[in-house]
Amino acid sequence: EDYSNAHCSVYFVSDVEKGSPSAKAGLNQNYDYIIGSTDMVFTKIDDIGKLAEQKLNDSFHVSVYNTVTQKVRDVKVHPMKFNKTESILGCELAM
């Protein structure tokens, strides 16, 4: 298999809103990278939002690499409307 473009599907967690589904799942801003999911192959950053919409009020798992611990962990995320914004994850992602 060719993994030469795998780095294009890794997303940096740049911000996590307090009390959000991402915060409750244990995502850490500035230290975590979402590297994959068993539910969907991420090919662009919008794919995570699409998966969250499909799993609204349900849950999905993502593999997350933490730069402090230098380990990958499984994180269960439960997307839901949690404030007056449109956000259902409550985190900002970057490439």
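Residues numbered from 1 in each chain as written. Predicted model: local features only at pLDDT ≥ 70, side-chain atom pairs only at ≥ 80, totals over all residues. Heavy atoms only, no water.

Q: Quick question: what am I supposed to make of empty space enclosed by the protein here?
A: With a probe scaled to a water molecule rolled over the atoms, the places where space remains empty come into view. For the structure shown, the criterion picks out one cavity of 30 Å³ or more. Space inside the largest cavity adds up to approximately 50 Å³. As for the largest cavity, its lining consists of Ser22, Leu27, Ile34, Ile48, Phe60, Val62, Val77, Leu89 and Cys91. Looking at the lining of the largest cavity residue by residue, the class counts come to eight nonpolar, one polar and no charged. (1 Å grid on protein atoms, 1.4 Å probe; cavity = no way out; pocket = protein on both sides within 12 Å on 5 of 7 lines; lining within 4 Å. Points joined across faces, edges and corners; volume = space filled by probe spheres on them. Nonpolar A, V, L, I, M, F, W, Y, C, P; charged D, E, K, R; others polar.)

Q: Got a minute to help me understand the sheet that holds strand E2 (residues 32-37) in this structure?
A: Within a beta sheet, neighbouring strands are joined by backbone hydrogen bonds and run either parallel or antiparallel to one another. In space, the five strands of this open sheet follow the order E4-E3-E2-E1-E5, with antiparallel pairing throughout. The sheet terminates laterally at strand E4 (71-77) and strand E5 (91-94), the two strands that pair on one side only. Taken over all neighbouring pairs, the strand axes of this sheet differ in orientation by 40 degrees on average, direction set aside. (Pairing = 2+ DSSP bridges. Helix = DSSP H or I, 4+ residues; strand = E, 2+ residues; numbered from the N terminus. Axes fitted to C-alpha atoms, helices over the stretch in contact; angles between N-to-C directions.)

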